[in-house]
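# Architecture and fold: a report
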Amino acid sequence: MGAAGTPSAVTPWWRDRRWIPWIVQGAVALAVLVVVAFLLGNLVRNLTAAGLLLSWRWVGNPAGFDISETLLPFDASLPYWRALLAGLANTLRVVLAGLVGATVLGTLVGTASFSSNGLLRRLARVYVEVIRNIPLLLQLVFWYFVVFLALPNGRDALQLPGVVLARSGLYLGWFTDPLHLTWTGPHLEGSVWHAPLRLTVEFGALLTGLVVYTGAFIAEVVRGGVASVPQGQWEAARSLGFMPLQILRRIVLPQALRVIVPGLNSQYISLAKNSSLAVACGYSDLYSVAETTLNQTGRAVEVMLILLGAYLVIDLLISALMNGLNQLVQLKER
Amino acid sequence: MERLGADRWVLRLRRELFASRTDGVITLVLVGLLLGLGGAFLRWALFQADWAVVQVNSTLFAVGRYPLDQQWRLWLLTSLLAAATGLSWGVLRGRDWPPNDRIAAVLLGGLALLVPLFLQLSFALQARWWAIALLLLGVRWAAGRWGNPLPPPWRRGLPLLWPVLYLVGMVLISGGLGLMPVRPSDWGGLLMTLVQSTFAILLCFPLGLALALGRRSELPLLRWGSVIYIEFIRGAPLITLLFLGQNILGFLLPGGLAPDRVWRAAWVLTFFAAAYVAEAVRSGLAAVPRGQMEAARALGLPVPQALIHVVLPQALRVALPATVGQFITLLQDTTLLSLIGLLDLLGVARTVMANPAFLGKNAEVYLLLAVLFWCCCAALGLGSRALETRLNPNTLSAARA
C-alpha cells in the first residue's frame, strides 16, 4: 500500500506521466530541426554554387518585358519591382471585381433555391452541381478560348444596351460628364469600337470564370444560411402581410447573415488564391509576372518569398475585413 | 385510378410551376431559355461539332505517350481493377440485386457498349472493353452467389485487397520486378491524372490526420508546429507551391536525391491536400464530446488506444463529407499540373489542340474533359453520401438488430 504513493519507485522514467510529454516534444523538435538544418544547408550550398545567394539588388534592374494591360503605368524599361507591383494591382483588380460579382450571383442563386417556382429551384441546384464538379482551370480555358476568343469583331460584335462584347475587348458605356449626366455608350468608328470603359477579353474571361465558379460555392453558403432561419420566421412575416421578397430582405437575410458571413470568408479567400490561375487565360496577374521574372532572373527563392508573402497579406486583409463584418452582423445582446 | 394519377400530376405541376402569376411568367421565360439553349447545343453537338479530334486521339487522352508495346500492362491492370471491384461489390451485397445495383449494372453495360462505338475504336479494342465490363459483372454475380459462405477472416481481409492491388498497379505502370521500366514523363492523360490523384489521396489522409491530432494536442510544440504548417499551406495558392516544388526542391535536396518532375508534383499535391484534410478532420474531432476521451481514459485505455477505438471512429464519421470534399477538390486540382508542363488530361488536351490538324477544336475537347471530370467528381460525392448513410449510427444499429 505504501509503495503506491511513490510511483517513481516502480515506474521507470520513460513511462512517467510527467516526462512523456517532454520526451515526445523533444524527439519531434529534434527531428524537425535536423530536417530543416539539412534542407537549409543544401539550399545555401546549392545556391552558392549557382551564384544565386539571397540578394535583392536585381529588383532594381530593368524588367525588359511588357505587360499588356495595367492599372499602374508600366513599360519594359521600368525595374522588376514596378512590374511586380503592376501585377499585384492587376490581381487586386480582378479579385475585387470577382468578390462583388460572385457575391451577387451566389446570393441570387442561393435564394433562388427557396423560390416557390419548382423549375427555378431545380435550375439553381443543377447550376451548383454542374459547376462545383468541374475543375476551375478547365472552366477558365473554356471561357477564354471557346467563348471570349470566338466573339466577332467590328459590326458583328455582340451588342447589348450600353455594352458591346467583341473579340477586341469588352466596351462599356459610362457618364463622360458627371455633372450633366451625359451618357456615352460604345460606338463604332470605322470598324473599331470606342467606349469610355474598355476591358480586355483576358480580364473578361478570368472574371467570368471566377464569378461563375465561386458563385456556385457562395450559393451553397447562402442556401445553408437561409435554411438555418426557422420556418416560423417566414410564416410570422407572411401573416403580418409582408411580400415574399420583402420577407427575404427584411426578415430572413439579416438573420441568415450570421451563418453566411463566416462561410463567405473562406470562399473569398479561395477566390483570391484562385485568381492566380489567370496565367491560363493570358491575364498578367501577380503570379504570371512573377513567373516571367523568375524565368528571366533565375531568382527562385526571392520570387517565391514575394509571391507567398503577397498572397498571405491578401488573405489576411480579407479575413480582417470579414471578421469586422462578422462582428457587425452578430446578434447584439445587452 | 389512371385518371386520378393524371389529375395529381396536373395539380402538382400547377403547384410547382404556376402557383402565382409571377411564377407562371418565370416558368415560361425559363422554359423558353432552356429550349433555346438546349436546341442550340444539340444542333452544335450533332451537326457542327467535329468529334474526330477525340476519336483520333483517344489513346493519347487515355494514357499519353505510354509505349505501345507495353500497353498490355495497363489492360491487365484495368482487368484486375474490374475483377476487384466486382468481388468487393458482390461480397458486400450478396445474392440479391437491389434497384440501385441494377441501375449501376445497366449503366455500366451501356457505357461499355456505347463509348467505344462513339470513339470508333477498332473491333479488337471494343471487344476488350466488353470483356472487361463482362468480367466486372460476372465476378460480382459469382461473388454474390458463392462469396457469402466465405469464412469471416477472409471477408475481413477483403479490404486489404485494395492496397495490395495499388502496389501491384504501381509496379505494372512504372515497371520494375522484371518489367521494362516506363519513365513517368511518358505517362499522360487520364493515367497521369489518376496516378497523381490516387497517390495524393492515399498519402494526404494519414498526414492530415497526424496534423489534426497535432493541432489539438496539449503539447505546445506539436500544436504550434501543426498550426504553422497548416496555415502556411492554406495561405498560398496551389500553383505557387507547385512552382516552388519544381524550382526550389532541386536546391533543397542534395543532387540526385531530388525526385523526377512528376513525383515532385505528386508530393506537392500530397503536402498541400494534407493541410486541408487536417482542417476537415479537426472539425470532426471537435464534434466528439470531451467526455468520450475522459471516459475511455477512466476505463484504463491508454491515450493511443482511446483515440483509435473511441474518439477517431466518431470523429472520422463526422469528418467524412468534408474529407471527401477535399478529395474531390484534389482530383480537380490535378489540372493545375498542365500549367507546370506535365501531361495530365488538360496538358494532353493542350498538346492535341496545338496540333495544326485540330486547331480550333477547343469546344469538343473541353466538353469531353468536363464530362469526364464531372462524372468522376459526382461519383465520389455519391459514394461519400452512401457511405455516410451506411455509417450513420441509426442505420448501423438497425442493421445489427
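For clarity, every value in this text was computed on a predicted model and none was experimentally measured.

### Brief notes about the overall build of chain B
On a plain count of helices and strands, chain B comes out with 18 helices and zero strands. Along the first, second and third principal axes, the C-alpha set of chain B runs to 65 × 65 × 55 Å. For chain B, buried positions account for 41% of its 401 residues. In chain B, the share of contacts with a sequence separation of at least 24, taken over all contacts with a separation of at least 6, comes to 74%.

### What to know about helix α6 (residues 99-118) of chain B
All names here are of chain B. Taking 1.5 Å per residue as the helical rise, α6 with its 20 residues ought to reach 28 Å, and the 28 Å between its terminal C-alpha atoms agrees with that figure. Buried residues along α6 sit against α5 (72-93) and α7 (123-146). The first or second residue beyond α6 is Q120, which carries a positive phi of 50 degrees.

### Thoughts on the packing of aromatic side chains
Residues and elements named next belong to chain B. Scanning the entire structure with this criterion turns up 18 aromatic pairs over all chains. Measuring from ring centre to ring centre gives 6.0 Å for W187 and W263, while their planes differ by 90 degrees; the resulting arrangement is edge-to-face. Of this pair, W187 sits in the loop between α9 (161-174) and α10 (189-215) while W263 sits in helix α13 (residues 261-286), and the two are 76 residues apart along the sequence. By relative accessible area, which is 1% here, W187 ends up buried.

### Some remarks on the interface of chain A and chain B
Facing the 50 residues of chain A at the interface are 50 residues of chain B. Both sides of the chain A and chain B interface together cover about 4300 Å² of buried area, and 71% of this is carbon and sulfur. At the junction of chain A and chain B, the tally comes to zero salt bridges. In this structure, the connection of chain A to chain B is made through 10 residue pairs in polar contact (both at pLDDT 80 or more). Per-element tally for the side of chain A that touches chain B: the top contributor is helix α2 (residues 20-50) of chain A, with 11 residues. Looking at the side of chain A that touches chain B, its residues break down into 34 nonpolar, eight polar and eight charged.

### Observations concerning the packing of helix α15 (residues 303-333) of chain B against helix α17 (residues 362-391) of chain B
Residues and elements named next belong to chain B. Between α15 and α17, the shortest axis-to-axis distance is 10 Å and the interhelical angle comes to 170 degrees. Considering their axes alone, α15 and α17 lie roughly antiparallel with respect to each other. Along the contact surface, α15 presents R317, L320, P321, V324, I328, L331 and Q332, while α17 presents F373, C376, C377, L380, G381, S384, L387, E388 and L391. The residue makeup of the contact of α15 with α17, split by class, is 11 nonpolar, three polar and two charged.

### Some details on the environment of A62(B)
All names here are of chain B. Following the sequence through the fold, A62 ends up in helix α4 (residues 58-63). On the accessibility criterion, A62 (34% relative accessible area) is partly exposed. Each C-alpha atom, one on A62 and one on G189, is 5.2 Å from the other, the two residues being 127 residues apart in sequence. Ignoring anything within four residues of it in the chain, the contact list for A62 reads G188, G189, L190 and L191.

### Remarks on the domain arrangement of chain A
The domain architecture assigned to chain A consists of domain 1 (18-49) and domain 2 (80-329). The distance between the C-alpha centroids of domain 1 of chain A and domain 2 of chain A comes to 43 Å.

### Examining the sheet that holds strand β1 (residues 158-160) of chain A
All names here are of chain A. The sheet built from four strands is open, its strands ordered β1-β2-β3-β8 with antiparallel pairing. The open sheet has two edge strands, β1 and β8 (197-199), and neither has a second partner. Shown here is a sheet whose adjacent strand axes are inclined to one another by a mean of 15 degrees, direction ignored. When β1 meets strand β2 (residues 163-166), the two strands line up antiparallel, connected through three bridges. Directly across from L158, in β2, lies its bridge partner L165. Strand contacts of helix α6 (residues 201-227): β2, β3 (169-172) and β8, with the helix running at about 85 degrees to β3, the strand carrying the most contacts.

Calculation notes
- Residues numbered from 1 in each chain as written.
- Chains lettered and ligands numbered in written order.
- Predicted model: local features only at pLDDT ≥ 70, side-chain atom pairs only at ≥ 80, totals over all residues.
- Heavy atoms only, no water.
- Helix = DSSP H or I, 4+ residues; strand = E, 2+ residues; numbered from the N terminus.
- Buried < 20%, exposed > 50% of the residue type's maximum accessible area, 1.4 Å probe, protein only.
- Contact = heavy atoms within 4.5 Å.
- Expected span 1.5 Å × (residues − 1).
- Phe/Tyr/Trp six-rings, centres within 6.5 Å; stacked < 30°, edge-to-face > 60°.
- Buried area = accessible area lost by both parts, 1.4 Å probe.
- Salt bridge = Lys/Arg side-chain N within 4 Å of Asp/Glu carboxyl O.
- Polar contact = N/O pair within 3.5 Å; in protein donor to acceptor, adjacent residues only side chain to side chain.
- Nonpolar A, V, L, I, M, F, W, Y, C, P; charged D, E, K, R; others polar.
- Axes fitted to C-alpha atoms, helices over the stretch in contact; angles between N-to-C directions.
- Parallel < 35°, antiparallel > 145°, perpendicular 65-115°, else oblique.
- Domains from an automatic or database assignment.
- Pairing = 2+ DSSP bridges.

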